[in-house]
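Notes for the structure review
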Amino acid sequence: MNFHDERFAKHPRFRYFALNSIMRWNALKNGGVFVKKNSSFNNMKKDELREELQNNPSLLKKILFYNSNLRWSRSSWYARGQELLAMIEQLGLPTLFFTLSAADLHWPDLFHYLAPDEDLNSMTETRRRKLIEENPYKVDSFFMQRGEKFITEVLKSKFNVKDMWFRIEYQHRTRLSEVIDLKKDLAELLNRVQRHTKHQAGYRWRKNKKTKKYECRFKFPKELAEETIIKRSEDNDVELVTARNDNLLNKYNAYIIQTWRANIDVSPVLSKRALVNYLAKYISKSETKSEELTELLQIQMDKTDSDTSAKSIIQQIYMKSCCERDIRKFFKLIATLYLENNED
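Conventions used here
- Residues numbered from 1 in each chain as written.
- Predicted model: local features only at pLDDT ≥ 70, side-chain atom pairs only at ≥ 80, totals over all residues.
- Heavy atoms only, no water.
- Helix = DSSP H or I, 4+ residues; strand = E, 2+ residues; numbered from the N terminus.
- Buried < 20%, exposed > 50% of the residue type's maximum accessible area, 1.4 Å probe, protein only.
- Contact = heavy atoms within 4.5 Å.
- Core = buried A, V, L, I, M, F, W, Y, C linked by side-chain atoms within 4.5 Å.
- Arc of directions from axis to C-beta.
- Axes fitted to C-alpha atoms, helices over the stretch in contact; angles between N-to-C directions.
- Parallel < 35°, antiparallel > 145°, perpendicular 65-115°, else oblique.
- Left-handed = near helix turned anticlockwise from the far one by under 90°.

Some remarks on the environment of Ser267
As for its position among the elements, Ser267 is in strand β6 (residues 264-268). For Ser267, a relative accessible area of 17% gives the class buried. For the pair formed by Ser267 and Glu239, sequence separation is 28 residues and the distance between their alpha carbons is 9.6 Å. Apart from the residues lying within four places of it in its own chain, the contact partners of Ser267 are Thr95, Leu96, Phe97 and Lys251.

This is the structure:
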């Protein structure tokens, strides 16, 4: 992906071929390792495997465990979620939860990187969008390195962070802004990136089971409040309600948002139950289109011949669990591999 003329990074199909190949190679490797460490599978055929699974249901957990090493699969995300829950049990309730959005139309240093010879002040939004579309690998690599530096050199230094867990997920883009002075900059930044502007009916709306009316799933507009209080929510969890004079403004921390310069969400963690419920349904969620391994196993067992080896079946279901992804997620995954292999 880092070839000097960028032919691979910009090719419309090579990126998918590369990721698919990496995941399939890893799937074959995982399947081989599983059979090697469980010698009883060496000479086992399909019917014997089916019978063994029926007699020993815990065997399926072993197969699932080895697939958790296949990064970005459903089993992998489940395993990462369990690791996070274990951290909470061992280290206690975390202090803070926050999100950092990738405002790729908002960062001047990104465009200095993408087009160092062009004048940023005269660069149109159309041109900026084209640069982003033509250089997704560079954009995602930039975001990952920016995020890593922000966490290690800003957040850890400012808030004395000792333990943390994070995952990356792309959201929407915002517009460029100019920094003038801190107060004015904060006001402009909040209006540009922090207000809940997409409030019309659509995917953000959900039907209230009690009132039968459609409401914003983020519960906007918020009630105005003169002071910050802690109260019980509708689910009987502890909830922090901050003072606000704008019913469409997302929660923020001035230091974080002015340093990161993009949309954020920040909340203190006040309830273990609420945190665990949130983690279970969001942070450890798998990619879309990734089927359950148990379903894949059954499908593969039905499709293969009776003389197919257990090793082949296990390798095939691991490969089947390699799910589809869009271009943005692809480059994040490839950038992850590149950064991990070039830590020095």
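Past the structure itself, the notes keep going.
Notes on the nonpolar core
In this structure, Trp107, Phe111, Phe143, Phe150, Ile257 and Trp260 are the most contacted members of the largest nonpolar core, which totals 32 residues. Listed by contribution, the elements that provide at least two residues to this core are α6 (108-114), α7 (125-134), α8 (136-159), α9 (182-194) and α10 (254-260). At 8 residues, α8 tops the list of elements feeding residues into this core. In this view, Phe150 contacts Leu100, Leu155, Ile256, Thr259 and Trp260; residues no more than four positions away in its chain are not counted. Listed in part, the 19 residues of the second largest apolar core include Phe41, Leu53, Ile317 and Tyr318.

Some words on α7
Taken together, the buried positions of α7 are occupied by Arg128, Leu131 and Ile132. Axial view of α7: buried residues confined to an arc of 100 degrees, hence all on one face. Away from its buried face, by an angle of more than 90 degrees, α7 presents the exposed residues Thr126 and Glu133.

Structural notes on the packing of helix α4 (residues 58-67) against helix α13 (residues 310-320)
Running from amino to carboxyl end, α4 crosses α13 at an angle of 50 degrees, the nearest separation of the two axes being 11 Å. When the axis of α4 is compared with that of α13, the two are oblique. In terms of crossing hand, the pair formed by α4 and α13 is right-handed. Seen from α4, the contacting residues are Ile63, Tyr66 and Asn67; seen from α13, they are Ile314, Ile317 and Tyr318.

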